[in-house]
Amino acid sequence: MPQISVDYSARLAGTFDRRGLGLAINRLAETTIGAKPDSCRTVFRQSEMLLVGTSGIADDAQVYVEFQVFPGRTPEAKAALSEGVLALLAEYVRPAPGTRLFTAVNIADIDRESYRNATARG
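Within each chain, residues carry numbers counting from 1 in the order of the written sequence. For this predicted model, a pLDDT threshold of at least 70 governs which residues receive local features, and a threshold of 80 or more governs which side-chain atom pairs are given and counted, while totals over whole chains, interfaces and linings are taken from all residues. Hydrogens are left out, water is left out, and the side-chain values use all remaining heavy atoms of the structure.

Time to look at the pattern of salt bridges. Note on definitions: salt bridges are taken to be side-chain nitrogens of Lys or Arg within 4 Å of carboxyl oxygens of Asp or Glu. Considering all chains together, one arrives at four salt bridges under this definition. Aspartate 60 is the partner of arginine 100 in a salt bridge, and the nearest nitrogen-oxygen pair spans 2.7 Å. Residue arginine 100 is located in the loop between α2 (75-92) and β4 (101-109), and its partner aspartate 60 is located in the loop between β2 (41-47) and β3 (61-69); the two are separated by 40 residues in the primary sequence. Of the residues examined, aspartate 60 reaches a relative accessible area of 4% and is grouped as buried. For the salt bridge of aspartate 109 with lysine 78, the shortest nitrogen-to-oxygen distance reads 2.9 Å. Residue aspartate 109 is found in strand β4, and its partner lysine 78 is found in helix α2; the two are separated by 31 residues along the sequence. The cut-offs for exposure are 20% and 50% of the maximum accessible area for each residue type, with area from a 1.4 Å probe on protein chains only; residues under the lower value are buried, those over the upper are exposed, and the others partly exposed. A relative accessible area of 40% places aspartate 109 in the partly exposed class. Take lysine 78: its relative accessible area is 18%, and that puts it in the buried class. Put simply, DSSP marks the helices as runs of H or I at least four residues long and the strands as runs of E at least two long, and each gets a number from the N terminus on.

Rendered as C-alpha coordinates:
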(Lines give C-alpha, C1' and ligand atoms only; values in the text may rest on other atoms or scores of the structure.)
Protein backbone atom coordinates (compact mmCIF):
# COMPACT_ATOMS: atom_id res chain seq x y z
CA MET A 1 0.00 0.00 0.00
CA PRO A 2 2.29 2.76 -0.94
CA GLN A 3 0.79 6.16 -1.51
CA ILE A 4 3.29 7.81 -3.84
CA SER A 5 3.51 11.53 -4.59
CA VAL A 6 5.71 13.02 -7.29
CA ASP A 7 6.10 16.79 -7.05
CA TYR A 8 7.82 18.34 -10.05
CA SER A 9 8.70 21.85 -11.18
CA ALA A 10 6.36 23.43 -13.71
CA ARG A 11 9.28 24.01 -16.09
CA LEU A 12 9.52 20.20 -16.48
CA ALA A 13 5.91 19.81 -17.63
CA GLY A 14 5.83 18.14 -21.02
CA THR A 15 9.52 17.17 -20.88
CA PHE A 16 9.15 13.68 -19.40
CA ASP A 17 6.77 10.72 -19.59
CA ARG A 18 4.88 10.91 -16.29
CA ARG A 19 2.82 7.80 -17.00
CA GLY A 20 5.93 5.79 -17.89
CA LEU A 21 7.77 7.02 -14.80
CA GLY A 22 4.76 6.27 -12.57
CA LEU A 23 4.43 2.73 -13.89
CA ALA A 24 8.17 2.16 -13.45
CA ILE A 25 8.02 3.46 -9.87
CA ASN A 26 5.04 1.20 -9.12
CA ARG A 27 6.88 -1.85 -10.54
CA LEU A 28 9.94 -0.95 -8.48
CA ALA A 29 7.80 -0.79 -5.32
CA GLU A 30 6.53 -4.29 -6.09
CA THR A 31 10.03 -5.74 -6.41
CA THR A 32 11.82 -3.86 -3.61
CA ILE A 33 9.27 -3.60 -0.81
CA GLY A 34 6.75 -6.27 -1.80
CA ALA A 35 3.91 -3.88 -2.66
CA LYS A 36 0.90 -5.46 -4.33
CA PRO A 37 0.37 -4.22 -7.92
CA ASP A 38 -3.07 -2.73 -7.35
CA SER A 39 -2.05 -1.08 -4.09
CA CYS A 40 0.48 1.32 -5.65
CA ARG A 41 -1.12 4.73 -6.18
CA THR A 42 1.05 7.41 -7.71
CA VAL A 43 -0.06 11.01 -8.09
CA PHE A 44 1.85 13.73 -9.95
CA ARG A 45 1.66 17.33 -8.77
CA GLN A 46 3.12 20.23 -10.66
CA SER A 47 4.62 22.96 -8.49
CA GLU A 48 4.74 26.49 -9.84
CA MET A 49 7.87 27.78 -8.15
CA LEU A 50 11.16 26.46 -6.80
CA LEU A 51 13.53 28.65 -4.84
CA VAL A 52 16.93 27.28 -3.90
CA GLY A 53 18.95 29.12 -1.30
CA THR A 54 18.98 32.88 -1.59
CA SER A 55 19.89 33.15 -5.26
CA GLY A 56 16.54 31.99 -6.65
CA ILE A 57 18.03 30.93 -9.98
CA ALA A 58 15.08 30.82 -12.37
CA ASP A 59 16.29 27.77 -14.32
CA ASP A 60 16.43 25.41 -11.34
CA ALA A 61 14.01 22.47 -11.34
CA GLN A 62 13.18 19.70 -8.89
CA VAL A 63 11.48 16.33 -8.73
CA TYR A 64 10.64 15.12 -5.23
CA VAL A 65 9.15 11.66 -4.71
CA GLU A 66 7.54 10.68 -1.42
CA PHE A 67 6.37 7.20 -0.47
CA GLN A 68 3.96 6.64 2.40
CA VAL A 69 4.15 2.95 3.36
CA PHE A 70 2.97 0.75 6.18
CA PRO A 71 5.68 -0.01 8.75
CA GLY A 72 7.65 -3.22 8.58
CA ARG A 73 9.99 -2.66 5.64
CA THR A 74 13.65 -3.04 6.46
CA PRO A 75 15.96 -0.05 6.23
CA GLU A 76 17.79 -1.91 3.45
CA ALA A 77 14.58 -2.35 1.42
CA LYS A 78 13.72 1.33 1.86
CA ALA A 79 17.23 2.35 0.81
CA ALA A 80 17.02 0.10 -2.27
CA LEU A 81 13.68 1.69 -3.17
CA SER A 82 15.12 5.20 -2.79
CA GLU A 83 18.19 4.37 -4.89
CA GLY A 84 16.00 2.73 -7.53
CA VAL A 85 13.71 5.75 -7.74
CA LEU A 86 16.71 8.08 -8.14
CA ALA A 87 17.92 5.89 -11.00
CA LEU A 88 14.48 6.03 -12.65
CA LEU A 89 14.40 9.82 -12.28
CA ALA A 90 17.80 10.03 -14.00
CA GLU A 91 16.38 7.90 -16.82
CA TYR A 92 13.05 9.70 -17.27
CA VAL A 93 13.85 13.32 -16.35
CA ARG A 94 16.81 15.15 -17.84
CA PRO A 95 17.87 18.71 -17.07
CA ALA A 96 17.90 21.16 -19.93
CA PRO A 97 21.38 22.32 -20.95
CA GLY A 98 22.74 24.90 -18.53
CA THR A 99 20.17 24.13 -15.81
CA ARG A 100 20.21 22.33 -12.48
CA LEU A 101 17.82 19.49 -11.66
CA PHE A 102 17.47 18.46 -8.03
CA THR A 103 16.00 15.04 -7.30
CA ALA A 104 15.10 13.53 -3.94
CA VAL A 105 13.19 10.59 -2.50
CA ASN A 106 11.71 10.07 0.97
CA ILE A 107 10.18 6.87 2.33
CA ALA A 108 7.96 7.47 5.38
CA ASP A 109 5.92 5.10 7.52
CA ILE A 110 2.16 5.59 7.79
CA ASP A 111 0.50 5.27 11.18
CA ARG A 112 -1.32 1.98 10.62
CA GLU A 113 -3.68 2.61 13.54
CA SER A 114 -5.16 5.81 12.11
CA TYR A 115 -4.89 5.28 8.34
CA ARG A 116 -8.15 4.58 6.50
CA ASN A 117 -9.07 4.42 2.83
CA ALA A 118 -12.12 3.79 0.68
CA THR A 119 -12.96 3.13 -2.96
CA ALA A 120 -16.08 4.44 -4.63
CA ARG A 121 -17.38 3.29 -8.00
CA GLY A 122 -19.50 5.37 -10.30
